[in-house]
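Spelled out from the first residue to the last, the chains are:
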Amino acid sequence: MNIYKHFSVVVRNVLQDLAVAGGIPAGLDLARVAVEAPREAAHGDLATNAAMVLAKAAGMKPRDLAELLVPRLTAHPEIVSAEIAGPGFINLRLTESFWRDRLKDVLVEGATYGDSDEGKGRRVNVEYVSANPTGPLTAGHARGAVVGDAIANLLVKTGHDVCREYYINDAGAQVDVLARSAFLRYREALGETIAEIPSGFYPGEYLKAVGQALVARDGAKWRDLPESEWLPELRAFAVARMMESIESDLGALGVKMDRFSSERALVEAGAVERALAELERRGLLYTGILEPPKGKQLDDWEPREQLLFRSTEFGDDVDRPLAKADGSFTYFANDIAYHFDKFSRHYPLLIDVVGADHGGWVKRITAAVTAVTDGKASVDIKLCQLVNLLQEGQPVKMSKRSGTFVTLRDIIDEVGRGVVRFIMLTRRNDQALDFDFAKVTEQSKDNPVFYVQYAHARCRSVLRLAAEQYSAAILAPESLLAADTNRLDSPEELDLIRRMAAWPAVVSGAAEAHEPHRIAFYLYDLAASFHQLWSRGKDNATLRFLLESDRSLTIARLALVQSVVTVIAGGLRAIGVEPAEELRS
RNA sequence: GCGCCCGUAGCUCAGUUGGAUAGAGCACCGACCUUCUAAGUCGGGGGUCGCAGGUUCGAUUCCUGCCGGGCGCGCCA
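Residues numbered from 1 in each chain as written. Chains lettered and ligands numbered in written order. Predicted model: local features only at pLDDT ≥ 70, side-chain atom pairs only at ≥ 80, totals over all residues. Heavy atoms only, no water.

**Regarding the overall build of chain A**
For chain A, the count of helices and strands is 21 helices and 15 strands. Per-residue burial over chain A gives 50% buried out of 585 residues. Pairs at least 24 residues apart make up 71% of the contacts formed inside chain A by residues separated by at least 6 positions. Of the roughly 27300 Å² that chain A leaves accessible, carbon and sulfur atoms contribute 50%. Between the averaged position of the 69 positive side-chain charges in chain A and that of its 81 negative side-chain charges there is a distance of 2 Å. (Helix = DSSP H or I, 4+ residues; strand = E, 2+ residues; numbered from the N terminus. Buried < 20%, exposed > 50% of the residue type's maximum accessible area, 1.4 Å probe, protein only. Contact = heavy atoms within 4.5 Å. Areas by Shrake-Rupley, 256 points an atom, 1.4 Å probe, with all protein chains shown as cover. Lys, Arg positive; Asp, Glu negative; His and termini not counted. Charge placed at Lys NZ, Arg CZ, Asp CG, Glu CD.)

**As for the layout of surface pockets**
The gaps of empty space that remain are located by a probe, the size of a water molecule, rolled over the atoms. Approximately 640 Å³ is the volume found for the second largest pocket. Residue lining of the second largest pocket: 23 residues in total, with Y4, A37, P38, R499 and A502 positioned closest to the centre. Elements with a contribution of two residues or more to the lining of the second largest pocket: α1 (3–20), α18 (491–501), α19 (503–513) and α20 (517–539). Each residue belonging to the lining of the second largest pocket can be placed in one class, and the counts come to 13 nonpolar, one polar and nine charged. Shared between two domains, the lining of the second largest pocket holds at least three residues of each, these being domain 1 (3–94) and domain 4 (448–574). (1 Å grid on protein atoms, 1.4 Å probe; cavity = no way out; pocket = protein on both sides within 12 Å on 5 of 7 lines; lining within 4 Å. Points joined across faces, edges and corners; volume = space filled by probe spheres on them. Nonpolar A, V, L, I, M, F, W, Y, C, P; charged D, E, K, R; others polar. Domains from an automatic or database assignment.)

**Focus: the environment of E118**
You can see E118 is positioned in the loop between α4 (96–109) and β5 (123–127). When the C-alpha atoms of E118 and A466 are compared, they prove to be 38 Å apart, with 348 residues separating the residues in sequence. Look past the residues within four positions of E118 in its chain and what remains in contact with it is N2, K5, T158 and S508.

**Quick look at the domain arrangement of chain A**
Under the domain assignment, chain A is made up of domain 1 (3–94), domain 2 (129–168 + 257–384), domain 3 (173–252) and domain 4 (448–574). In this structure, domain 3 and domain 4 have C-alpha centres spaced 54 Å apart.

**Quick word on the packing of aromatic side chains**
Summed over all chains, the structure comprises 16 aromatic pairs. Taking 5.2 Å as the distance between ring centres and 70° as the angle between the ring planes, the aromatic pair formed by F7 and F98 counts as edge-to-face. Linking F7 in helix α1 with F98 in helix α4, this pair joins segments that are 91 residues apart in sequence. Exposure remark for F98: the relative accessible area of 3% places this residue in the buried category. Centroid distance F309 to F332: 6.3 Å. Interplanar angle 40°. Geometry classified as tilted. One end of the pair, F309, is in strand β9 (residues 305–309); the other, F332, is in helix α11 (residues 331–344), and 23 residues separate them in sequence. Its end group placed over the ring of Y347, R123 keeps NZ or CZ at 4.3 Å from the ring centre. (Phe/Tyr/Trp six-rings, centres within 6.5 Å; stacked < 30°, edge-to-face > 60°. Lys NZ or Arg CZ within 6 Å of the ring centre and 35° of its normal.)

**A closer look at the side chain of N169**
Within the secondary structure layout, N169 lies in the loop between β6 (161–168) and α6 (173–189). A residue is classified by how much of its surface remains accessible, and N169, at 6% relative accessible area, is buried. There is a polar contact of 3.1 Å between the side chain of N169 and the side chain of Y331. Beyond its immediate sequence surroundings of up to four residues, N169 is in contact with S130, N132, P133, Q174, V175, E263 and Y331. (Polar contact = N/O pair within 3.5 Å; in protein donor to acceptor, adjacent residues only side chain to side chain.)

**Remarks on the environment of L68**
Within the fold, L68 resides in helix α3 (residues 62–74). Assessed through its relative accessible area of 32%, L68 is described here as partly exposed. On a C-alpha basis, the gap between L68 and K382 in space is 44 Å, while along the polypeptide they are 314 residues apart. Excluding its chain neighbours within four sequence positions, the residues that come into contact with L68 are L18, G23 and M60.

**Describing the pattern of salt bridges**
Going through the model one piece at a time under the given rule, you end up with 37 salt bridges. Residue R345 pairs with E165 through a salt bridge whose shortest N-O separation is 2.7 Å. Taken as a pair, R345 in the loop between α11 and β11 (349–355) and E165 in strand β6 lie far apart in primary sequence, 180 residues in all. For the pair shown, R345 and E165 are each scored as buried. Across the salt bridge formed by E278 and R282, the nearest N and O atoms sit 3.3 Å from each other. What makes E278 buried here is its relative accessible area of 17%. Here the residues in one salt-bridge network are E278, R281, R282, D374 and K376, joined through shared partners. (Salt bridge = Lys/Arg side-chain N within 4 Å of Asp/Glu carboxyl O.)

Spelled out as structure tokens, the structure:
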């Protein structure tokens, strides 16, 4: 149950009743009425701004309106008290049994606790990673991969029909460079000595395997042919090899795409012409001359007539070129075609997870999507800021040009998949993130992955011990569901229950905002609540979970512990992390 | 020059889409281990939410202008 949505309905019903009774005018706009958690727990369990946002329209003072609402709210069986505070807030306190019933929600729903059908099966396309197929995935790609995948998971949990998609940029000049670089390695594999990789080629060692594989397949077949003969074949071969490696790296991270879309295939199928025809039909194309960009030195700037898209009509700063001097389409034109293609596949909601260097591209693609779909599709672009790789606080040196860089695979091998995925979500996506190899594997409170996993492991340890001391039957669903949860009455226990009750709303909010980092922060808070409760048992033996002398209380506490396991495990899985059974090393 | 992102405790960052006395962790000071894992917990000090206006019952949040940091800026992808 999403408690905020639940009580939002309660408040709205009260307002309707009040309108029927003539206390307030009928037909007030209730859109801004909100029920949320107060910042300070001391203020109560929930707060509503109803009296404040409706006061003006109702022609009343906020507090007077609140006075009318309070008795009706208090009459609700799940509400203990309602009091007016500050400028007109109504603070609600809920019955303890309401909170304890949420524990039953967790136990009954298990792994699906927090899931909802809010998305109503709406189709969403999440495009992420989309790294150029010219080399292995790097540390930088890891962030986009994790963010995109977690967003997709959250959308699935909230009842959306999600497509995880990778766009292969296999149509530009960079894949020709790849092909030529692979050809060098091919000759090398045939026994030639390549002293040094010339500039303008990719120097990476990973291309040796591509050269060898081609020899294995075709022998010396291509060696003495002119470039025009071998280029298309080598390009296709090398791209396919790169994509295999990329897919396998993504697999190591636990990311599985539903679809790989090839830019080249799209272009060859005439998708660009179709998309541009769509824009033409709406009168959004013209031929003109752009002003030279200011503040940047361009020695070779020559004013030139070119095909332009009126992106300024949709909020962009300048109109954007669609055709190059040689008549071929720009990357932007292909991008429009690709987004139109996604829309044509019946995805009205598009999410693009891209690197921060795409900042300047947001306005134009947003404009293009609106234009080419006639406003029927929207795109949300999540820019992921840099990941700074550190070792004990010192930057790890990387240079893609010289071919030395830290790959995604290196990082996973070093710290594990779960750590990579969790740490990548410990900042908002638009905030730069430090990834310190020493810190992320440290077993301390300073390391959020460890802290959360430790809470889960502690819970599992208690459950294992319970099964030993009593019997496995004590942990059976029917045993835990029959627990007398009224025995859970300490502030720490109730705090933990309240936090777990918030989980469905956290999932819903994170999914709606496309902000998976909220899950990581929530899990940290939940873990803290649990560690607090745990340590109370240190001071006072009667506060431990397992009590020989009191079986009924033990069962109630085991129900609580099982719920914590369920919520933490569910939360970790939502961001693609496997919960740990134990951390003792 | 223009655009986008960011500016919150000494440091690293949250802040539930505009709410009340702005929160965590680290660092610092002081407590707690014959224990279901002390790899942890509790307490304390610490703030002009970059600055100045505006919008309104109410602004860290929205708008405008400055200041500071990052990224990007025709025919590359």
